[in-house]
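# What the coordinates show
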Amino acid sequence: MGKEALILPRRLAEGDLIGVAAPASPFDADEFASGAAVLEAMGLCVYIPGGIYRRSGYLAGSDSERAELLNGLFKNRQVKAIICARGGFGSSRLLQYLDYEAIKKNPKIFVGFSDITAILSALYTRCGLVTYHGPLVTSFGDADRVTRESLRAVLMSDKKILVKPKNGVVIKKGVAAGPVSGGNLSILCHMLGTSVQPEYNGHILFVEERGEAPYRIDRMLTHLKQAGCFESLAGLIIGSFEGCGDNNEVLKIFSDITRSFDFPVISGFEAGHGKTNITIPMGLAARLDTYKKTLAFSKAATSFAE
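As a starting point, this report considers the structure included with it.

What counts, and where the lines are drawn
- Residues numbered from 1 in each chain as written.
- Predicted model: local features only at pLDDT ≥ 70, side-chain atom pairs only at ≥ 80, totals over all residues.
- Heavy atoms only, no water.
- Axes fitted to C-alpha atoms, helices over the stretch in contact; angles between N-to-C directions.
- Helix = DSSP H or I, 4+ residues; strand = E, 2+ residues; numbered from the N terminus.
- Parallel < 35°, antiparallel > 145°, perpendicular 65-115°, else oblique.
- Left-handed = near helix turned anticlockwise from the far one by under 90°.
- Contact = heavy atoms within 4.5 Å.
- Patch = residues over 30% accessible without salt bridge, like charges linked within 9 Å, V, L, I, M, F, W, Y side chains within 5 Å.
- Areas by Shrake-Rupley, 256 points an atom, 1.4 Å probe, with all protein chains shown as cover.
- Salt bridge = Lys/Arg side-chain N within 4 Å of Asp/Glu carboxyl O.
- Lys, Arg positive; Asp, Glu negative; His and termini not counted.
- Charge placed at Lys NZ, Arg CZ, Asp CG, Glu CD.
- Buried < 20%, exposed > 50% of the residue type's maximum accessible area, 1.4 Å probe, protein only.
- Expected span 1.5 Å × (residues − 1).
- Arc of directions from axis to C-beta.
- Pairing = 2+ DSSP bridges.

## A look at the packing of helix α8 (residues 214-226) against helix α9 (residues 247-258)
Between two packed helices, what matters for the description is the angle formed by their axes and the separation of those axes. Here α8 crosses α9 at 20°, and the two axes come no closer than 10 Å. Relative to α9, the element α8 lies roughly parallel. Seen from above, α8 lies across α9 with right-handed handedness. Along the contact surface, α8 presents P214, I217, D218, L221, T222 and K225, while α9 presents E249, V250, I253, F254 and I257.

## Quick look at a negative patch on the surface
Judged by side-chain charge, D28, D30, E31 and D142 come together as a negatively charged surface patch. Locating D142 in the fold gives a position in the loop between α5 (137-140) and α6 (145-156). Residue D142 is classed as exposed on the basis of its relative accessible area of 52%.

## Considerations on helix α1 (residues 29-41)
Along an α-helix, a turn takes 3.6 residues, which lines up residues three or four apart on a common side. Here α1 is 13 residues long and its end C-alpha atoms lie 18 Å apart, about the 18 Å a rise of 1.5 Å per residue gives. Of all the positions in α1, only F32, G35, A36, V38 and L39 are classed as buried. Down the axis, α1 shows its buried residues gathered within 155° of arc, on one side only. Counted as exposed and oriented over 90 degrees from the buried face of α1: D30 and A41.

## What about the pairing of strand β14 (residues 294-300)?
Note: strand β6 (residues 160-163) against β14, three bridges, orientation antiparallel. Note on β14: the bridge partner recorded for V163 is L295. Bridge count between strand β13 (residues 285-289) and β14: four bridges; the pairing is antiparallel. Bridging across to β14, D289 finds its partner in T294. The hairpin turn running from β13 into β14, its antiparallel successor, is four residues long, and K293 in that turn takes a positive phi close to 55°.

Next comes the structure, spelled out in structure tokens:
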């Protein structure tokens, strides 16, 4: 993680104010209201900043408007965490406009997935901030019990997080330790060669995807392999590959691509675009054990709330 010291955000408590950002695409108002209501039922207060309902084609406002909204939420001392409204498209366009120095001075929980992978990775790479691959506001309204309980446990508990996939499939046996990084596979590929390229060396890589044909998954994994991303990888965990064809075919691609490497590989983690989307801390050290089929984090996912 470069030379940045790791920053663990402050733990959430009931009554805390949660700011909503829209760094990617516009969102459905009814889905948004439903998700916000679930957050409030958890005892949290939801802050909806002005301008969040903007539309500019397939984006929720211009790049500068979306970046200004996100920067403002980090600078707002009353806001204790930020959850993204929706993924979609456009998050990577904001990276050059983010105020990384201000974010380091005002660290807080940041949650999202899918296209939001670009920001999750950039905040970890540029600021050393632990971020959270988890549900969006618009997906939280009809989220299942496991998804809701996972978000609460990661953001509001002082317990160490232990993840055990319900139907884990071991592709390569082994034990590995290191910080977790990653997210959406196609976004990770698009970030290669940029100043905010995700961390791979010594890391446990998590990947998920939606709606990509097996040959495209093969192409993306081959891209990562040929770019040297797997050379010093500690381990690989595979999340949901929703709508990507036959799951066995997808797993065979992972097996083929990683055959020449020593790191352990396991699938079945219920994180990503599936019905269940557990929250995974990104940047926090963990131990992957394929014999136990567990991912055990070394400490609580947030720091003590004073």
